[in-house]
Amino acid sequence: MVYDLKYNNSISNQDKIQLVENLAFTAANFLKNEILVTPYIWVIAPVPSSKDRELQPVYLLADKIAYFLNRKIDGEYIKKIKNTNELKSIEVLEERQKILDGAFICDKRYKGKKILLIDDLYRSGATLNEITKTLYTQGEVDNVYVLCFTKTRSKK
């Protein structure tokens, strides 16, 4: 379903919105029923996209999850300030980390709060690690939790 959201141009935007609804509903139920920290999450933040799309899946998913959990969403909190393009062709973790170093900024609006990051894809963890580092150092948040919808295998 995540693949269809991002790459399948043969399905309509209306069908993509239905996919978002289904994925977000499932994720929100998982968070409500399985994750003990969910009641303490202050805000939900989507991971900034590396590619412009007519519909941005991560933002749509984060928005809908926030709605289902009755939490604030802040799509402007984390800003990408360095153009990194898509990293899927970069195989070496250290190279990915170097490319992402200093790529994100945030402010202190959620200082001392718990943040839930939403991303569509987990591969090496380099992007999430860089954003988490930014949230702790620049944003001075209390805790960062992450929800990803899919994981890909990285070649090692």
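Structure first, text after, so check above.
Heads up: these notes are all about the structure in this document. Keep in mind the model is a prediction, meaning the values are calculated, not measured.

Thresholds applied
- Residues numbered from 1 in each chain as written.
- Predicted model: local features only at pLDDT ≥ 70, side-chain atom pairs only at ≥ 80, totals over all residues.
- Heavy atoms only, no water.
- Salt bridge = Lys/Arg side-chain N within 4 Å of Asp/Glu carboxyl O.
- Helix = DSSP H or I, 4+ residues; strand = E, 2+ residues; numbered from the N terminus.
- Buried < 20%, exposed > 50% of the residue type's maximum accessible area, 1.4 Å probe, protein only.
- Right-handed = clockwise from strand over helix to strand, strands pointing away.
- Pairing = 2+ DSSP bridges.
- Core = buried A, V, L, I, M, F, W, Y, C linked by side-chain atoms within 4.5 Å.
- Contact = heavy atoms within 4.5 Å.
- Axes fitted to C-alpha atoms, helices over the stretch in contact; angles between N-to-C directions.
- Parallel < 35°, antiparallel > 145°, perpendicular 65-115°, else oblique.
- Left-handed = near helix turned anticlockwise from the far one by under 90°.
- Nonpolar A, V, L, I, M, F, W, Y, C, P; charged D, E, K, R; others polar.

**Side note on the pattern of salt bridges**
Right, so step 1: For the coordinates displayed, the defined rule picks out 10 salt bridges.
Right, so step 2: Where Lys 64 meets Glu 21, a salt bridge forms, and the shortest distance between an N and an O atom there is 3.2 Å. On the criterion of sequence distance, the pair formed by Lys 64 in helix α3 (residues 57–69) and Glu 21 in helix α2 (residues 13–34) is long-range, its members being 43 residues apart.
Right, so step 3: Classification of Lys 64 as partly exposed rests on a relative accessible area of 24%.
Right, so step 4: The partner of Asp 142 in a salt bridge is Lys 114, and the shortest N-O contact between them spans 2.5 Å.

**Focus: the pairing of strand β1 (residues 43–46)**
Right, so step 1: Of the two faces of β1, the one lined by Val 43 and Ala 45 and the one lined by Ile 44 and Pro 46 are each fully buried.
Right, so step 2: Note that the unit made of β1, α3 and strand β2 (residues 72–73) has a crossover that is right-handed.
Right, so step 3: Sheet analysis places β1 next to strand β5 (residues 114–122), joined by four bridges and oriented parallel. Residue pairing in the sheet places Ala 45 in a bridge with Leu 117 of β5.

**Let's talk about the pairing of β5**
Right, so step 1: Two elements, β5 and strand β6 (residues 143–151), share eight bridges in a ladder whose sense is parallel. Within the sheet, the bridge partner assigned to Lys 114 lies in β6 and is Asn 143.

**Side note on the nonpolar core**
Right, so step 1: Within the largest apolar cluster, 20 residues are counted, with the highest numbers of intra-cluster contacts made by Ile 44, Ile 65, Leu 116, Ile 118 and Leu 147.
Right, so step 2: Counting only elements with at least two residues in this core, the list comes to α1 (2–7), α2, α3 and β5.
Right, so step 3: Considering every element that reaches this core, the biggest residue donor is α2, with seven residues.
Right, so step 4: Not counting the four nearest positions on each side in its chain, Ile 118 is found in contact with Ile 44, Ala 45, Pro 46, Val 47, Val 58, Ala 62, Ile 65, Leu 147 and Phe 149.
Right, so step 5: Val 47, Phe 104, Tyr 110 and Leu 135 belong to the second-largest nonpolar core, a separate cluster that totals 18 residues.

**Section: the packing of helix α4 (residues 93–100) against helix α5 (residues 126–137)**
Right, so step 1: Interhelical geometry of α4 versus α5 gives an angle of 40 degrees and a closest axis separation of 9 Å. Put simply, α4 runs oblique to α5. Both α4 and α5 take part in a crossing whose hand is right-handed. Between α4, through Leu 93, Arg 96, Gln 97 and Leu 100, and α5, the contact on the second element is made entirely by Ala 126, Thr 127 and Glu 130.
Right, so step 2: In the contact of α4 with α5, the residues fall into three nonpolar, two polar and two charged.

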